[in-house]
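Structure assessment
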Amino acid sequence: MARFWGRSRAPAGSGSVGGKTPRDRGRPRPGRDQENDGRPDPPLSPERRRRAILGMRSVAGQVFILQVVIILILVVAAGIDIFVQAQQDTTTEARNRSLAVAQTFANSPGIVAAIESPHPTALLQPRAEATRKATGVDFVVVTDDHGIRYTHPIPNRIGKKFVGDIGPALAGQVVTETIKGTIGPLVQAIVPVFDARHKVVGAVSAGITLQKISSASQHRLPVVLGAGALALGLSTAGTWLVVRRLRRQTHGLGPAEMTRMYEHHDAVLHAVREGVLIIGDDGRVLLANDEACRLLDLPIGAHETPLVTSLGLDHRLTDLLASGRPVTDEVVGAGDRLIVVNVRTTDRNGGPPGVVATLRDSTELRALTGKADQARKRLKLLYEASGAIGTTLDVTRTAEELTEAAVPRFADFASVDLAEPLLRGDEPEGGRVLHLRRAALHGVRPGMPFFQVGASIPLTSGTPHARALDGRSVLEADVSDPASDWRRTDPARTERLVAQGIHSLITVPLLARGVLLGVAHFYRAEKPEPFDTDDLWVAEELGARTAVSIDNARRFAREHRMAVTLQHSLLPGGLPEQSALDVAYRYLPAQAGVGGDWFDVIPLPGARVALVVGDVVGHGLHAAATMGRLRTAVHNFSTLDLPPDELLGHLDVLVNQIDQDSSAADGETAITGATCLYAIYDPVSRRCSMARAGHLPPALVRPDGAVEFPDVPAGPPLGLVGVPYETVELDLPEGSLLVLYTDGLVEDRSWDIDVGLDRLRAALSQQPVRTRTPEATCQAVLDALLPDHPTDDVALLVARTRALPSDQVATWDVPADPAAVGRVRADVAERLADWGLDVLAFTTELIISELITNAIRYATGPIRVRLLRDRALVCEVADGSSTSPHLRYAAATDEGGRGLFLVAQLSERWGTRYTADGKVIWAEQLLP
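Notes on the structure in this doc start here. (Residues numbered from 1 in each chain as written. Predicted model: local features only at pLDDT ≥ 70, side-chain atom pairs only at ≥ 80, totals over all residues. Heavy atoms only, no water.)

Side note on the nonpolar core
Here is the rule: To define a nonpolar core, start from buried Ala, Val, Leu, Ile, Met, Phe, Trp, Tyr and Cys residues and group those joined through side-chain atoms within 4.5 Å. Only protein chains enter the accessibility calculation, which uses a 1.4 Å probe; a residue is then buried when its area is under 20% of its type maximum, exposed when over 50%, and partly exposed in between. A run of H or I in DSSP counts as a helix once it spans at least four residues, and a run of E counts as a strand once it spans at least two, with each numbered from the N terminus.
Ranked by internal contacts, the top residues of the largest apolar core, which has 51 residues, are Trp598, Leu611, Leu651 and Tyr678. For this core, the element with the highest residue contribution is strand E19 (residues 674–682), accounting for seven residues. In this structure, Val407, Leu422, Leu510 and Phe531 belong to the second largest nonpolar core, which totals 33 residues.

What follows is the structure, given as structure tokens:
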């Protein structure tokens, strides 16, 4: 009997046993057997002849396909060449024809006279149309020396500007160009028209579309296609002749060649790393290669042909092999292996009945695939977590993002414990962390007995908490073990956690730049598999990325707190006492960073009050520091009692100097953008003078509820030295509301500034008159306009005007006569008696006497004296001179020079302010 297991000599898939078909058994094998008896080779059997012919047909078919591909490539290349040549010929022919028509028409008799005639269109349009029809071009256009059309195939385009590059033609050059016009791709030529003095008086343009031009080379395409078809036919005929000849020569395959072919097939069959089984139609195994024997634990070298059902295989594998139906990539078990089975029938195309099965071992591949899938999931988790962790500069939120990224894909529960100073925004303490507090907790189900957020975490020696604080990661694969160190953290609590399913734990330290910030814990309860070393690596990577984000948030919180502290220290701590205005304010810093917005209320002499609102562009410490410098400068300039425009001018010079200092220090040009609005309200005259440097205009609410934005010239922002500012004066009835604000209140990227001003107007208009107090107005405006997450600082200042009663003001005109001083002193004493201020009469008379005497002696008229009884008694003497007096110390032998010294000693404070008509010298005394 022929050999079954192991090295068979039959070609794979031949359906034979030992190299013989059932009908050939008992016959000598070709080649090797015939060498012994010396008999001639027998003729090939019909089956072998058929197989040889099929192989030859396959080779002939491949040669035929190669010939067809080559012929098609040649035909396509020739067609492309013809097409490209046709396009070039078409463009050349169109250019020549349009140029010839344009030149002929431009040089035709009478063209110059027609262009220079009063009615060139009437003369040229018929000729141009006749030429167009005669030559076959699409248009003939005549223009003047400015490119205005005189002719066109479409009459309504006459008189319009020529479309195209007519400039060179009007300069005396001939232009041809290919353009895509409204009638399609075309070539047009533009030829200048010269008069007798060789001056260009116009231009002629002729154009023709490429569609109208046909090239003779395009007619070669049918010839090429015909030649290709003929070559294809010849190739087909030649292939058919080759097949016929191969058929006649199939008997030329000798025994030695067939033997070598069989041996080659046999060697390949047993060398491949895939098991092969050939099963006949009676269910017997006709062939099994070495790999099939190894996979199925069959003996190699057996010679019997057993039934497949008697091999003792797994019932699923037996059913697949015995069923006789095709199977594709079916995975079944064979002992401790997983085998992929494919089954195909062998009776297709006239083959013998039966099936051939291929077997492939996928045990290791399945294990590797599982590991690769786990690695891919871990990398995907880290990638997505890197984008989800650290989205905000908030320490607590960053800890929460870690737990949300880890649950449920990596762990079932996760928590983060941070050092207590970190949660307060302070620097971590040096050395070992002694106190931890839970910052975040997240899990797949609520109600677990973990330490809750905000709870202090006990640090028992030897527990994962304590070991992680030494900078080491801890993997507790089985925390249900009573000997687990984790159970010592809080025995009662950990017992309840284990009872509810917690079985595995990873604890990693949160280290950033060598500083320990806290620890992170990952627990598994729902997932049955415990954490392993690969999971520990993932947890450490998550912890490292989170630690960097937490450290960044900590640094930002510290710097933000410092900037906010600096900013608030530079802003007004409260409102000064004054009687001219009822004032309320709001200052709201941006959520991210600090800005340079500021406001101020500054009492001025004469019961007046200055209101200031400003904004330094940018955020951060530099903006806050610059704001403080500008606010201090405004206070200093206000002591000079300058008008608003002059004060802004001095502030402008200061900002420019700040820019220069910054440029000198940093080595690069730095521009400090700042705006400011400065207003002075006088309760006596009820007038308000204001000027603004690039700032938004104030809002004014009249006592009747009308809202308006006064027309105050904007002026340039501060820092552009040399540009003057302009002061505007407004009459404000008592009870008016003056609203000053910064751009953070009304500006937003999603709308225009006018929209913000309209919203502010609406908010001020909707407030009832009876509740229109400055405090209520501030709140109403913020409720209506402030966004949920402001990106810029907001400063709001609302002032309601008061008027100083007339009975608290006394005014006298003083003639320029020293004798009038006594009368004025008497009137002043009488008015002080009326006010109940007799105790101040003596000092007031001395002050008034000295100031009036100086005005009469050194200044010019008119001279006016005014007394104001407010929070202090104010004595004012106005004159028409702009010369300011100076305080000096008189020598013992000097007869004069002690007047202002006496005034300074008798009054609380004194000073000078300039007006449009001169100056005012004032002195204040505290009321008793």
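Side note on the sheet that holds strand E12 (residues 456–457)
The strands that make up a sheet are held in pairs by hydrogen bonds between backbone atoms, and each pair lies either parallel or antiparallel. Rules: DSSP calls a pair of strands paired once it identifies at least 2 bridges connecting them.
Spatial strand order, E12-E11-E10-E15-E14-E13: six strands in an open sheet with antiparallel pairing. Among the strands making up the open sheet, the edge pair consists of E12 and strand E13 (474–476). With seven bridges joining them, strand E10 (residues 413–419) and strand E11 (residues 436–443) adopt antiparallel strand pairing. When the sheet's bridge partners are listed, Val416 is paired in E11 with Ala440.

Describing the packing of aromatic side chains
The geometry of two aromatic rings is summed up by the distance between their centres and the angle between their planes. For clarity, the cut-off: When the centres of two rings from Phe, Tyr and Trp lie within 6.5 Å, Trp using its six-membered ring, the rings pair. Their planes under 30 degrees apart give stacked, over 60 give edge-to-face, and anything left gives tilted. We call a charge positioned over a ring when the NZ of a Lys or the CZ of an Arg lies within 6 Å of the ring centre and within 35 degrees of the ring normal.
Summed over the entire model, instances satisfying the criterion amount to six aromatic pairs. Judged by centre distance (5.4 Å) and plane angle (45 degrees), the rings of Phe413 and Phe450 are tilted. Here Phe413 is found in strand E10, whereas its partner Phe450 is found in the loop between E11 and E12, with 37 residues between them in sequence. For Phe413, a relative accessible area of 2% translates into the label buried. Pairing Trp486 with Tyr523 gives two aromatic rings, centres 6.1 Å apart and planes at 55 degrees, and the pair type is tilted. Placement of Trp486 in the loop between E13 and helix H14 (491–499) and of Tyr523 in strand E15 (residues 515–524) is noted, with a sequence separation of 37 residues between them. For the pair Trp486 and Tyr523, one class covers both residues: buried. Here a set of aromatic residues connected by ring pairs shows up, and it is made of Phe413, Phe450, Trp486 and Tyr523. The residue whose ring lies beneath Arg493 is Phe451, and the NZ or CZ to ring-centre distance is 4.1 Å.

Let's talk about empty space enclosed by the protein
This is how it is decided: Space inside and on the surface of the protein is sampled on a 1 Å grid over the protein atoms alone, with a cavity defined as a set of points where a 1.4 Å probe fits but cannot get out and a pocket as an open set with protein on both sides within 12 Å along at least 5 of 7 lines; lining residues have an atom within 4 Å of a point. Grid points are joined across faces, edges and corners, and a volume is the space filled by probe spheres set on the points.
According to the stated counting rule, one finds four cavities of 30 Å³ or more in the structure shown. Each pocket or cavity is described by its volume, and for the second largest cavity that value is around 80 Å³. Looking at the second largest cavity, the residues that line it are Arg438, Pro449, Phe450, Phe451, His465, Trp486, Thr489, Arg493, Thr494, Leu497 and Tyr523. With three residues, the single largest contributor to the lining of the second largest cavity is H14.

Points about the sheet that holds strand E21 (residues 699–701)
Operational definition: Working rule for contacts: check all heavy atoms of both residues, and any pair within 4.5 Å makes them a contact. For helices, the axis comes from a line fit to the C-alpha atoms of the stretch in contact; other axes are also lines fit to C-alpha atoms, and the angle between any two N-to-C directions lies between 0 and 180 degrees.
Ordered in space as E16-E25-E24-E21-E22, the five strands form an open sheet in which the pairing is antiparallel. Of all strands in the sheet, those with a lone pairing partner are strand E16 (581–588) and strand E22 (707–708), marking the two edges. The pairing of E21 with strand E24 (residues 737–741) spans three bridges and is antiparallel. Of the residues in E24, the one forming a bridge with Val701 is Leu737. Together, E16, E24 and strand E25 (794–801) form the strand contacts of helix H19 (residues 774–785), whose direction differs from that of E16 by roughly 30 degrees.

Observations regarding the pairing of E19
Most of E19 is tucked away, with nine of its nine residues classed as buried. Residues Ala674, Cys676, Tyr678, Ile680 and Asp682 point to one face of E19 and Thr675, Leu677, Ala679 and Tyr681 to the other, with burial holding for every one of them. Examined bridge by bridge, strand E18 (residues 609–619) and E19 share eight bridges and lie antiparallel to one another. Looking across to E19, one finds that Val616 is bridged to Ala674. As paired elements, E19 and strand E20 (residues 687–693) share six bridges and run antiparallel to each other.

Such coordinate-based values are descriptive only and should not be taken to indicate function.
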